[in-house]
Protein chains: 2
Amino acid sequence: MRLPLLVAVCCTVWAFVVRPHCAEAKARHFKWEVSNMFWSPDGEEKVLIGINGQFPGPTIRARAGDTIHVELKNALHTEGVVIHWHGIRQIGTPWADGTAAISQCAINPEETFTYRFVVDKPGTYFYHGHYGMQRAAGLYGSLIVDVAEGEEEPFKYDGELNLLLSDWYHESIHTQMVALSSKPFRWIGEPQVPSHFVHPVFVMWQTVKMLDHDRIEFVAAWILSLLINGRGQFNCSLAAAHTPGTKQCVTVNRQCAPVVLPVQPNKTYRLRVASTTSLASLNLAVGNHKLTVVEADGNYVDPFVVDDIDIYSGDSYSVLLTTDQNPSSNYWVSVGVRGRQPKTAPALAVLNYRPNRASKMPSMAPPMTPAWNDYAHSKAFTYRIRGRAGTPPPPASADRRIELLNTQNRMDGHIKWSINNVSMVLPATPYLGSLKLGLKSTLAAARPAETFSRGYDVTRPPANPNTTVGGNVYVLRHNDTVDVVLQNANALAHNVSEVHPWHLHGHDFWVMGYGEGHYDHGRDAKTLNKVNPPLRNTAVIFPYGWTVLRFVADNPGVWAFHCHIEPHLHMGMGVIFAEAIERVGKVPREAVSCGATATALMNGAHL
Amino acid sequence: MRLPLLVAVCCTVWAFVVRPHCAEAKARHFKWEVSNMFWSPDGEEKVLIGINGQFPGPTIRARAGDTIHVELKNALHTEGVVIHWHGIRQIGTPWADGTAAISQCAINPEETFTYRFVVDKPGTYFYHGHYGMQRAAGLYGSLIVDVAEGEEEPFKYDGELNLLLSDWYHESIHTQMVALSSKPFRWIGEPQVPSHFVHPVFVMWQTVKMLDHDRIEFVAAWILSLLINGRGQFNCSLAAAHTPGTKQCVTVNRQCAPVVLPVQPNKTYRLRVASTTSLASLNLAVGNHKLTVVEADGNYVDPFVVDDIDIYSGDSYSVLLTTDQNPSSNYWVSVGVRGRQPKTAPALAVLNYRPNRASKMPSMAPPMTPAWNDYAHSKAFTYRIRGRAGTPPPPASADRRIELLNTQNRMDGHIKWSINNVSMVLPATPYLGSLKLGLKSTLAAARPAETFSRGYDVTRPPANPNTTVGGNVYVLRHNDTVDVVLQNANALAHNVSEVHPWHLHGHDFWVMGYGEGHYDHGRDAKTLNKVNPPLRNTAVIFPYGWTVLRFVADNPGVWAFHCHIEPHLHMGMGVIFAEAIERVGKVPREAVSCGATATALMNGAHL
């Protein structure tokens, strides 16, 4: 492909910083309607939240520099809605970040709100609801940004495959939210398999056959709740026909037909993989195929080859896969659970070497997911992720260090997740409006702590398990370089410490390093990677460990920073960065016309 | 009781018109929080909407002339909420009527709205959600207004018993709303009894025994979905212990313990009975006892004696019952389904003659509910309801007649209920604000028709089943006397015509008459009752029949008039009366700060 020299130079020089509108940036318009609908993601029909009658929602495909316009109508009956564009930094458009109570008012039923933002950087992204637990209700989809016209990726491939991973509960999010807020606390449980469990390969084979036939009579037997592109395995199996008490499925439902990935032999494919799970940490492998990791969260990484990848909620990756195996066979793509004892079977898709039929049974069993508690495997993978040559390096030092201790606590009989012993609650009036207008009491609460006791024993349950709730708003100065130390600890029960993937809105951060135990700045700061840390928007803290992130507060707005596990966020695991509010441009009134901000605007205030 | 003469005269003269604040009218303050919670209304645990952790919500008890203040906090996670005070006319306070999209904006999560209104007239009322189908989710409670201090009811009694009737689905209202809006349409079904049906009396007896013991082990077997004061029978029975596949209830749940009505022998009790069912038309009887009907919808009626009463959704009655039966026995109160083939067992309560134990098994079987389709029985009851002497008579003639044909129709594969062939949809911006501000396009739709074709054959499915949607807003002139002819017809299926109880907000109306077939003004007007029609706020149309109502448009505001069956309203069965908007007082801004009204107010408009 030949390019005019000027464009090529322009795009190369800026390739890793801010992608300018080289060549023809476009406005891309979408008209969406969000509504509840019946769907059978895993064979059992439930009500979920879809967009334009689809689940998952439509894929947005654009080029770097394009402006996306999504005219979003809320057609839910009584619920508000917003959509967050996960990984898009929203430079200059903080009101389009789609976080209820933070960057905007929830869109009321029958109302329409238009999101307008620039996708400045190529990469694998996704979007999802960010109000209550609407993400877990199915409100998500893919957002893929190609390099600008005339540019090239720093790696070659012949074709692309897209996998959006999620998990799916049979209980509604309303029930889930009540359970998590209940006294006594009720854990919503892992995605479950009921008693009539049948090996998924057998079921898959039966269901893949559907691709060649019209309808097959199956009998309901089990629930599988990991989804690939919104599809889980059937709540059906032949074996269950002989099991009393199971109910008849008269027909197979195409909504949960297995995903088939058609490929040609001896080609290289880019698999775009993103996880919008509510809870599950996942691992993905493709039978007999190596994977070369080349992108993480919309940033290029130094390529490395693995047998499988770990992927946490909020993560996205691109991996290259070469179809160099026996072309007469198909192969399983297998997605299993990490970090929690799995109670569900892996999700499976079919890598279909053409011209084999999609329904041709793979000759090999699906790859086994590593043991859920093999953290050495997880760390080995995560620690290998480095910025690709050309990734801008982090500033040499930070202006401020914020240490965030993650603990599980109790409050009045409820269970909460807390940061420095304060569990985050969101206000009725979104911060972006109330802070911009300087409304009283928005920041009334005490400044949240920036550190925690050096004597805190992260290996034991909290000595004082009691917590309080608060706003957890950290005010950041424009262009300060901020280090965040995420410190994990033991939960309420002995010998339990969980994985938490933290996601930052409005920025990428450099992942400076990981370690075990209590972070000690004097000792541990020198171990940080200042040479080639990867740029990301989501980073994990491992059990009993710490992770250090660095970012530059160069994007005025109000940004959420939180554990991406939906129930954990619901239970308070997050903070807010109020960044250089005085520099935020004119906030569109329609984004913040509710609560105290609406009252102030009606009284003559100006944004 | 002795009263100062002046007060007595004052209260007597105005007794049936507007109850003045004779004696000490009080302000009564309530602080409520609406939230989702786990509850087991019939033994099976579900999520419903409660108030202050209670289901049904707290009973409001006040005296005529009092001002009620309800400070309502919405603690739902993502849903708006409003509460309608059913039967309270809201004279001068149309913004407190609690109808989303009509009289106010839904209260957003975490926001608080204060309802302030006068209960001007003694009677048996209730309150309930009026947004989406939140009433069916359990958002309701009793509102009982006693005569003003120093006044007396026109009948005597020794004690009072309160029965709030409802029905209960195991599917969430979100699922119900999606089902009703689906293409193809899915009927949500009657309240159901599953296969392991056990005669309710047997189960009741088992469960009543709980009153004397602490806990009993039962086994889940069936679902009963008629509720008395929020309690249905257990999802448990001893018989089911031998039925494989049923699940164990380890303990009996007091949330569904049967209602016990303790009485002394040889006394007269006032039973206040109100129905807030989503769907079911009901009949109530008390074994071996006669009932004297004395009040309907907060208005006194000419007393008459019956064995049982029919009660439709939206109705309330007071009946007097004398405990003149064998005092060594208890008696069943039985509530069964009318107008639709019942798929559920009757709800039962115990009339407990003291000092018998509450758990003493009544010696007689519960009274049988009349056959569901015995409309002659229903009509005989309904036609006997007349205004008590002293009830103000209706104006002799009407200024305007509005004829409303009720039909079931199709639209783009959906099923709708339509009025004069237009199915009502509500706007994003509540009418009270948009009409008060004269916002464009609020009334943009064509004026709805005030009559329908004289040739329409009400005995057959609609010749043209297609319908459209619209606002159905009728603009009423101040103080006009309006006749409404509610005309029933055949539904989409042959030989089906349903009962519809229509409820008017903001007013009582006189029920002028009922008839069969197509209303013919020339022929039928002369049959109307101009002498002693009852004043009510809810009136039924019988299958294939008509009902004529008369009211005076003397209460400026925007008022819903609709079928009180929740799924029918959801499917469009209603109209709006926009009444003398120019005379509406200053609408509190917080009631209408959303949508186009909020925008106008921010642009400097004044209410």
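Residues numbered from 1 in each chain as written. Chains lettered and ligands numbered in written order. Predicted model: local features only at pLDDT ≥ 70, side-chain atom pairs only at ≥ 80, totals over all residues. Heavy atoms only, no water.

So, the sheet that holds strand β7 (residues 123-129) of chain A
Residue and element names in this part refer to chain A.
- Spatial ordering of the open sheet is given by β3-β8-β7-β5, a layout of 4 strands whose pairing is mixed. A single partner strand is all that each edge strand has here, and the edge strands are β3 (60-63) and β5 (83-86). Averaged over all pairs of adjacent strands, the angle between strand axes in this sheet comes to 20°, irrespective of strand direction.
- Relative to β7, β5 is paired through 4 bridges, and the arrangement is antiparallel. Among the inter-strand pairings, H86 is bridged to a residue of β7, identified as F126. (Pairing = 2+ DSSP bridges. Helix = DSSP H or I, 4+ residues; strand = E, 2+ residues; numbered from the N terminus. Axes fitted to C-alpha atoms, helices over the stretch in contact; angles between N-to-C directions.)

A look at the pairing of strand β9 (residues 159-167) of chain B
All names here are of chain B.
- Among the 9 residues that make up β9, 7 are buried, leaving the element largely enclosed by the rest of the structure.
- In this structure, β9 lies alongside strand β14 (residues 268-275), joined through 7 bridges in parallel fashion. For L161, the partnering residue across the bridge sits in β14 and is L271.
- Sheet topology note: the β9/strand β11 (residues 226-228) ladder contains 3 bridges and is antiparallel. Paired with S166 across the bridge in β11 is L227. (Buried < 20%, exposed > 50% of the residue type's maximum accessible area, 1.4 Å probe, protein only.)

Comments concerning the relation of the copies chain A and chain B
- Superposition of chain A onto chain B requires a rotation of 180° combined with a translation of 0.0 Å along the rotation axis, giving an RMSD of 0.0 Å. The transformation relating the two chain copies, once decomposed into turn and shift, fits a two-fold axis.
- A share of 100% of interface residues in chain A that are also interface residues in chain B marks the association as one of identical surfaces. (Least-squares fit on C-alpha atoms with pLDDT ≥ 70 in both. Contact = heavy atoms within 4.5 Å.)

Points about the side chain of R340 of chain B
All names here are of chain B.
- As for its placement among the helices and strands, R340 is situated in the loop between β20 (331-338) and β21 (347-353).
- Given a relative accessible area of 15%, R340 falls into the buried group.
- Looking at R340, its side chain comes within polar contact range of the side chain of E498, at 2.7 Å. (Polar contact = N/O pair within 3.5 Å; in protein donor to acceptor, adjacent residues only side chain to side chain.)

Structural notes on the interface of chain A and chain B
- The interface of chain A with chain B comprises 36 residues on the first partner and 36 residues on the second.
- For the chain A and chain B pair, buried surface summed over both sides reaches about 3000 Å², with 59% attributable to carbon and sulfur atoms.
- Summed over the shared surface of chain A and chain B, the number is 2 salt bridges.
- Between E45 of chain A and R186 of chain B there is a salt bridge, and its shortest N-O distance comes to 2.7 Å. (Buried area = accessible area lost by both parts, 1.4 Å probe. Salt bridge = Lys/Arg side-chain N within 4 Å of Asp/Glu carboxyl O.)

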